[in-house]
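Observations on the three-dimensional arrangement
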Amino acid sequence: MLTNRQLFLLHLGQTSPAPLMLEIEKAEGVFLFGPKGEKYLDLVSGVSVSNTGHRHPQVVEAVRKQTDSYLHLMVYGEMIQSPQVKYAEKLSSILPSQLGSIYFVNSGSEAVEGALKLAKRFTGRSHILYFSNAYHGSTHGALSIQGSEKYRNAFRPLVPGTYQLNFNDFNSLDAIDDHTACVIAEPIQAEAGVVLPNPGFLELMRERCNRHGALLIFDESQTGFGRTGKMFAIDKYGVVPDILVLSKALGGGMPLGAFISSQDIMSSLISNPQLGHITTFGGHPVCCAAGLASLNVIIEEELAESCTPKSGLFKKELDHPAIKSIRGEGLLLAVQLKSKEQVSKVVAKAPESGLILDYFLFCNDAFRIAPPLVISNIEIKYACKQLLSLLDSTL
Ligand SMILES: Cc1ncc(COP(=O)(O)O)c(C=O)c1O
């Protein structure tokens, strides 16, 4: 009989030449467990997904409760489903008032597609501006606004009318003009290796969009739900977009995405043509129930607020000559080493030290630290101790 490992390679479509290949049987809090008793401390959160940790009891209970009522009923937007309604109401209550209309989809890429379509439809324009080293997903539209040729060039032709600007280059914002439907940005660029916006950059983006009637889209797929020390990065920078994209932690460990706007902007998808965006599974009731429970945990356990001191503890403990810098905000950190080779060795060897680490797509001299926000100070100290001895033994 073939092992799961063999079946994984045989029957699951592979795109990574070197997958992590860790078999996981159970996950709880910040830990993942293998079939032979292996225990790994998760410093990645499935890439900014598991903000409330794995299998938080309140999230599991919400999923259980919803499965007792109903699963999928009908394509999105036809029937009144209380998990969707309650979650949309809660999200509107914590977002700026202009962001009160929420369209749920299944993933980040899909939310980005919806946001781009909405901007084109509302403005009647076709030009889309995006930034160098941006990552917004892997579908055709999202790939067309990926700020690196590496993963997209082989798939051309892509969506026309997309133009790349340089992140943090104030002059490049002059490209925003009366043809621009939208500018899309991650307020903190995650896959670029956690690149923060220079002071005033997001503000100028907002001002230029206002001046030319272009819509501003912020993709908070990775920065949302407390990860950078505030519930959303827009709370940190005080710049409100016309459309907000959320995904990853939005579903509390279940697949969920959303593009969010004002009633006025969103209503442009109702006519000419009607049904301007359609999804079968978007806003799945079980995912919405899980997401709402997870958001309540983030608020009740003050996880956003806890991120800044936890981030400080990581930065203090990770004192090692091999570490050139630690960039980031809250629990979205990039640990920079001297070279790509060093990063590859450390990430590959991390499981042997009981840690899960990960690369960034567009920054090869740093690895990611983005643990569940529920990580305790004791767990942070343990993780750092393991990491320091890993650096000692590997480099
Ligand atoms: C900022 C950002 N936007 C969008 C996406 C795409 O999300 P998904 O993989 O759910 O389609 C990602 C995924 O990593 C992301 O980091």
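Heads up: the structure comes first, above all this text.
Quick caveat: nothing in here was measured; it's all calculated off a predicted structure.

What follows is about the side chain of Glu 191. Mapping Glu 191 onto the fold places it in the loop between strand S7 (180–185) and helix H7 (201–212). Here Gln 222 takes part through its side chain, which lies 2.8 Å from a polar atom of the side chain of Glu 191. At a separation of 2.9 Å, a polar atom in the side chain of Glu 191 contacts the main-chain amide nitrogen of Leu 361. Once residues within four sequence positions are removed from consideration, Glu 191 is found in contact with Val 47, Tyr 135, Glu 186, Gln 222, Tyr 359, Phe 360, Leu 361, Phe 362, Cys 363 and Arg 368.

The next point concerns helix H10 (residues 285–300). Since the α-helix packs 3.6 residues into each turn, any two residues three or four apart lie on the same face. The terminal C-alpha atoms of H10, which comprises 16 residues, lie 22 Å apart, in line with the 22 Å expected from a rise of 1.5 Å per residue. Most of H10 sits out of view: 13 of its 16 residues are buried. Trailing H10 by a residue or two, Glu 302 shows a phi angle of about 50 degrees, which is positive.

Attention shifts here to the side chain of Thr 180. Among the structural elements, Thr 180 can be located in strand S7. Within polar-contact distance, the side chain of Thr 180 engages the backbone nitrogen of Asp 177 at 2.9 Å. Not counting the four nearest positions on each side in its chain, Thr 180 is found in contact with Arg 125, His 127, Leu 129, Ala 175 and Ala 214.

What follows covers empty space enclosed by the protein. Rolled over the atoms, a probe sized like a water molecule indicates the empty space that remains. If you walk through the whole model with that rule in mind, you get one cavity of 30 Å³ or more. Taken as a whole, the largest cavity spans an internal volume of roughly 40 Å³. Surrounding the largest cavity, 13 residues form its lining, His 72, Met 74, Gln 81, Gln 84 and Pro 285 being those nearest its centre. A breakdown of the residues in the lining of the largest cavity according to their chemical character gives six nonpolar, seven polar and no charged.

Here helix H12 (residues 340–349) crosses helix H13 (residues 377–394) at 125 degrees, and the two axes come no closer than 10 Å. Classified by the angle between their axes, H12 and H13 sit oblique to one another. Taken as a pair, H12 and H13 cross one another with a handedness that is right-handed. When H12 is examined against H13, the residues Lys 345, Val 346 and Lys 349 are found in contact with a partner set consisting of Leu 387, Leu 390, Leu 391 and Thr 394.

Attention now goes to the nonpolar core. Core analysis: the biggest nonpolar cluster contains 95 residues, and Tyr 87, Leu 91, Phe 104, Met 205, Phe 225, Phe 314 and Phe 367 have the highest contact counts within it. Looking at which element gives the most residues to this core, the answer is H13, with seven residues. Among the nonpolar cores identified, the runner-up in size contains nine residues, and Val 194, Ala 334, Ala 366 and Ala 370 belong to it.

Conventions adopted
Residues numbered from 1 in each chain as written. Predicted model: local features only at pLDDT ≥ 70, side-chain atom pairs only at ≥ 80, totals over all residues. Heavy atoms only, no water. Helix = DSSP H or I, 4+ residues; strand = E, 2+ residues; numbered from the N terminus. Polar contact = N/O pair within 3.5 Å; in protein donor to acceptor, adjacent residues only side chain to side chain. Contact = heavy atoms within 4.5 Å. Expected span 1.5 Å × (residues − 1). Buried < 20%, exposed > 50% of the residue type's maximum accessible area, 1.4 Å probe, protein only. 1 Å grid on protein atoms, 1.4 Å probe; cavity = no way out; pocket = protein on both sides within 12 Å on 5 of 7 lines; lining within 4 Å. Points joined across faces, edges and corners; volume = space filled by probe spheres on them. Nonpolar A, V, L, I, M, F, W, Y, C, P; charged D, E, K, R; others polar. Axes fitted to C-alpha atoms, helices over the stretch in contact; angles between N-to-C directions. Parallel < 35°, antiparallel > 145°, perpendicular 65-115°, else oblique. Left-handed = near helix turned anticlockwise from the far one by under 90°. Core = buried A, V, L, I, M, F, W, Y, C linked by side-chain atoms within 4.5 Å.

Everything listed here is a matter of coordinates, which is why it stays silent on function.
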